[in-house]
Amino acid sequence: MKRLLQNILLFTFFCLVVYIVLVIVAGRVLPAGWKTNLNYTVDEPKLTYTRLKELDTAKNTDILILGTSHAYMGYDPRIFLQHGWKTVNLGTSAQSFFQTELLVKRYIKQLNPKFVIFDIYPGIFSNNGIESGLDLVSSAKLNKDIVAMTFKLNNIKVYNTLIYSAYMQQFVLDTTYAEPQANRDGAYIKGGYVESYSTYKGTMPADKGIYKIHADQLKAFENIIKMFNERKIPYVLAQAPMTPAKYFEMTNNDAIDTMLANYGRYYNFNKISNIPINCFRDEHHLNQNGVNIFNDDFIKILDPTIQKACGK
Amino acid sequence: MLFTHPKFALFLIIVFGLYWFASKRSFRLQNVLLLIASYVFYSFWDWRFTFLLLFSTVLDFYTGLKIYNSNEQRHKKAWLAVSICINLGVLVFFKYCNFFLHSFNQSMHLLGYKSDVALLNIILPVGISFYTFHGLSYVLDVYYNKRPPTNNFIQYALFVSFFPLLVAGPIERATHLLPQIEKPRQFNYYKAVDGLRQMLWGFFKKLVIADNCAVYANNIFDNSHYFYGITLVLGAVMFSFQIYCDFSGYADIALGTARLLGFDVVKNFSFPYFSRSVAEFWRRWNISLSTWFRDYLYIPLGGSRVNLGRKITNVFIVFLLSGLWHGANFTFIAWGCLNAFFILPSIIFKTNRHHLDTVAQDKLLPSLKEVAQIVATFTLVTFSWIFFRAPSFDEAIFFIQRIFVKGPVVMPADNRLVLIVLLPLFIFIEWFGRRQNYAIEKFGLQWPRVVRWCFYSFIVFCIGMYKETHITPFIYFQF
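Quantities reported herein were computed from a predicted structural model and do not represent experimental measurements.

What follows is about the overall build of chain A. Looking only at helices and strands, chain A features 13 helices and 8 strands. Relative to its length of 312 residues, chain A is compact, with a C-alpha radius of gyration of 21 Å against a globular reference of 20 Å. Taken along its principal axes, the extent of the C-alpha atoms in chain A is 70 × 45 × 35 Å. Put simply, of all contacts in chain A between residues at least 6 apart along the chain, 79% involve residues at least 24 apart.

The following block contains the structure:
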């Protein structure tokens, strides 16, 4: 029995080492479709690496923008700057509240925002956080919070990506590495925004459904709100516009609006902005023309609030 | 609790620790521990059905004693009838009730009557077909004087509910498993290591091969209206590998777990896709169920000692019931009948006992004739799987018709790696291990330990890199 336990322990250690080596080799050598459970997203269109890299030097911003791709494709820093407000966008693809919480914890002190725009796509309340987890594990500087998040997500893809990312950060990526700044999704604009002029072509209508709320995501969301309140940072909850077809796929929008309004000032711009269909890049996201309209509407409504918070 | 869920690993570590350390002084204590563990394991699905399991156990334990203690043959027969009727009654109620009600409604409709008998809202207790057959085999063995009944309820209850076998077999016999439960088990290092190795291979088969093949099979079968020709053939072939690796992977994990606990359990698969005839295939596929039907149905019906007409009828009865055992659907009946048809020539020409050895027994590669035989057998078996997998009989027929329609070849999934690398690698390893109990039983045992461990680590890596990220239940859990 003793021999079995000794050998199991020894093999576990041996296997772990071989596994790590093989993950790294697979990451370096195999083409994308051949490493199914390794999703290293640096160099992919999400541009999270560039966005987070920019944060290395960012300090004392006026406005911090949080959320999913709706956030980093929906709030143009150049428009806000015209009003004198410097913005930092921490949005990432399918960013669930687990990841938002992690990012806020990591950067809130350094960025010291005077105001927060928390863009909420309600579908995130039922998201498992894997996609965004992979994005962060790939692109963010690894620390114990990222490792803790990996264990919380408990998904083999995230574990594999963590191994590979640790290797890449240690041995491959250096301070001079730069991600391509333009790709099929658009061009990166300083401040975390991704600009695009492509136009939505339309797709087949989907079945109706409802947004679901998962308790753990709601808890993370509430933790984020709590952090803003503790630090006395004024914030607004907003929902950037989607195409009407996409928006009305869900039949409990009003219930979601009511719920979110309980957590602070909340604006659903699907109900406020009137954006033509050719101002979308896809069913979820605005193109630059759409962003111009939406941001103007946003600032018109929130100008006094932001001015009060930022003192400009 | 699925074998592939991390919870099972934790469960097994706890059971293993308590079993060998805490209770090593008394095998009776070990039995109690395993019994509790088995009921805990089962209650993870639905604790309410543990009462059904207990009822089935008490019934067969009691009737077994009654059969043995009855002096008159007619009393023995009566107690046997009680056991069979109640066991099968429970099975029929939970598994086939709605099937019969639905069929009744349809038959009445065809005859021009309006029948709208409401279907019942019944949950199928997981593993019911397996533990019912466990119990029946015990009662029948007692009736046929193959073994005396046990007076120890704990031991009998453990025989029925032993957790590695509880939900998807293999279906053990009292003559084989009970004697092991009745005496102390000694820890054996080599047996435990062998168990772990078999579990590793089972996980690889299930998580890497079966679940990846399932992506293709599910996509093609679920959207068969959009596909033609070769694509549909690909779907059927993928399902063949899916069901083999899913079920035999489960069996490997079950057998490996049992070996860790010091038990030897019957082998359920013996490389069935290297069979040279359908008769050989059925000696190598789901062996415990095939032999169950052989011993408790085919032989009592007269076996091969009857005239040809009767023999053919018996074969059809066995395969039809075997099909029905799998599920309450005409597709399973069609699958059973098809296999009966396929095996029929070998019964008529008395060639069903050919190919008792392993293909290419002492050779590296098969002869051309053997290759042709293997391919032909695989084709027939795969054809029958179409009925097994299709949601309805009509869908199966439609699927087969579309195979002969020309159309573009579509690869309806992204994970082509499974087709190009993993499946051939798997077949390669299975081929070279076909003389063993499981493919990697002796694979690399002569290599230095570091090299051998590298091979095992590579299997672990394949699981980690290519397993599906969501947990997929084993196919045979539904039966």
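Still more to cover.
Looking now at the interface of chain A and chain B. Listed per partner, the contact involves 20 residues of chain A and 19 residues of chain B. Secondary-structure elements contributing two or more residues to the side of chain A that touches chain B are helix H1 (2-29) and helix H8 (156-172) of chain A. It is H1 of chain A that provides the largest number of residues to the side of chain A that touches chain B, a total of 9 residues. In terms of residue class, the side of chain A that touches chain B is built from 12 nonpolar, 5 polar and 3 charged.

Moving on, we come to the sheet that holds strand S8 (residues 266-268) of chain A. Residues and elements named next belong to chain A. Spatially, 5 strands are ordered S2-S1-S3-S7-S8 in an open sheet, and the strand pairing comes out parallel. A strand with exactly one partner marks an edge of an open sheet, and here the two such strands are strand S2 (87-89) and S8. In this sheet, neighbouring strand axes are inclined to one another by 20 degrees on average, regardless of whether the strands run parallel or antiparallel. Both strand S1 (residues 63-66) and strand S3 (residues 115-119) contribute to a ladder of 4 bridges, which runs parallel. When the bridges of S3 are listed, Leu64 appears paired with Val116.

Once that is clear, we can look at helix H5 (residues 128-143) of chain B. Residues and elements named next belong to chain B. With 16 residues, H5 ought to run about 22 Å at 1.5 Å a step, and its terminal C-alpha atoms sit 22 Å apart, in line with that. Across the 16 residues of H5, 15 count as buried, placing the element largely inside the fold. Looking one or two residues beyond H5, the residue adopting positive phi is Asn145, at roughly 60 degrees.

This paragraph deals with helix H18 (residues 449-466) of chain B. Look at H18 of chain B: 25 Å from first C-alpha to last across 18 residues, which is about the 26 Å you get at 1.5 Å a residue. Among all positions in H18 of chain B, only Tyr456, Phe461, Cys462, Gly464, Met465 and Tyr466 of chain B are buried. In this fold, the buried residues of H18 of chain B make contact with H1 and H8 of chain A together with helix H9 (189-222) and helix H17 (417-432) of chain B.

Here the focus is the packing of helix H2 (residues 27-46) of chain B against helix H3 (residues 49-69) of chain B. Residues and elements named next belong to chain B. Contact geometry for H2 and H3: axes closest at 8 Å, N-to-C directions at 135 degrees. Overall, the two elements H2 and H3 adopt an arrangement that is oblique. Contact residues: H2 offers Tyr39, Tyr42, Ser43, Trp45 and Asp46, while H3 offers Phe49, Thr50 and Leu53. A breakdown of the residues in the contact of H2 with H3 according to their chemical character gives 5 nonpolar, 2 polar and 1 charged.

The next thing to look at is unusual backbone geometry. A positive phi angle, near 45 degrees, is found at Asn60 of chain A, a position not held by glycine. In this fold, Asn60 of chain A is placed in the loop between helix H2 (48-54) and S1. With phi around 40 degrees, Asn286 of chain B is a residue other than glycine that occupies positive phi space. Counting through the fold element by element, Asn286 of chain B comes out in the loop between helix H11 (278-284) and helix H12 (287-298).

Residues and elements named next belong to chain A. Taken across its 5 residues, strand S7 (residues 235-239) has 5 buried, putting it largely inside the fold. Burial along S7 is two-sided: the residues Tyr235, Leu237 and Gln239 and Val236 and Ala238 are all buried. Here 4 bridges tie S3 to S7, and the two strands are oriented parallel to one another. Each bridged residue has a counterpart across the sheet, and for Asp119 the counterpart in S7 is Ala238. The pairing of S7 with S8 spans 3 bridges and is classified as parallel. Of the residues in S8, the one forming a bridge with Leu237 is Tyr266.

Before going further, it helps to examine the nonpolar core. Ile65 of chain A together with Phe159, Leu166, Cys213 and Tyr250 of chain B are the most contacted members of the largest nonpolar core, which totals 198 residues. Among the elements that line this core, the one with the most residues is helix H10 (residues 229-260) of chain B, at 18 residues. Residues lining this core come from more than one domain, with at least three contributed by each of domain 1 (6-185) and domain 2 (190-276 + 355-478) of chain B. When neighbours within four sequence positions are excluded, Tyr250 of chain B is seen to be in contact with Phe3, Ala168, Gly202, Lys206, Phe474 and Tyr476 of chain B.

Take the domain arrangement of chain B next. Residues and elements named next belong to chain B. Partitioning chain B into structural domains gives domain 1 (6-185) and domain 2 (190-276 + 355-478). Taking only C-alpha atoms, the centre of domain 1 and the centre of domain 2 are 29 Å apart. Opposite the 14 residues of domain 1 that make contact, domain 2 presents 16 residues. The biggest single contributor to the side of domain 1 that touches domain 2 is helix H1 (residues 6-22), with 3 residues. When its residues are assigned to classes, the side of domain 1 that touches domain 2 shows 9 nonpolar, 3 polar and 2 charged.

Definitions and limits used
- Residues numbered from 1 in each chain as written.
- Chains lettered and ligands numbered in written order.
- Predicted model: local features only at pLDDT ≥ 70, side-chain atom pairs only at ≥ 80, totals over all residues.
- Helix = DSSP H or I, 4+ residues; strand = E, 2+ residues; numbered from the N terminus.
- Rg over C-alpha atoms; globule rule 2.2 N^0.38 Å.
- Contact = placed C-beta atoms within 7 Å.
- Nonpolar A, V, L, I, M, F, W, Y, C, P; charged D, E, K, R; others polar.
- Pairing = 2+ DSSP bridges.
- Axes fitted to C-alpha atoms, helices over the stretch in contact; angles between N-to-C directions.
- Expected span 1.5 Å × (residues − 1).
- Buried ≥ 20, exposed ≤ 12 C-beta atoms within 10 Å, placed from the backbone.
- Parallel < 35°, antiparallel > 145°, perpendicular 65-115°, else oblique.
- Core = buried A, V, L, I, M, F, W, Y, C linked by C-beta atoms within 7 Å.
- Domains from an automatic or database assignment.

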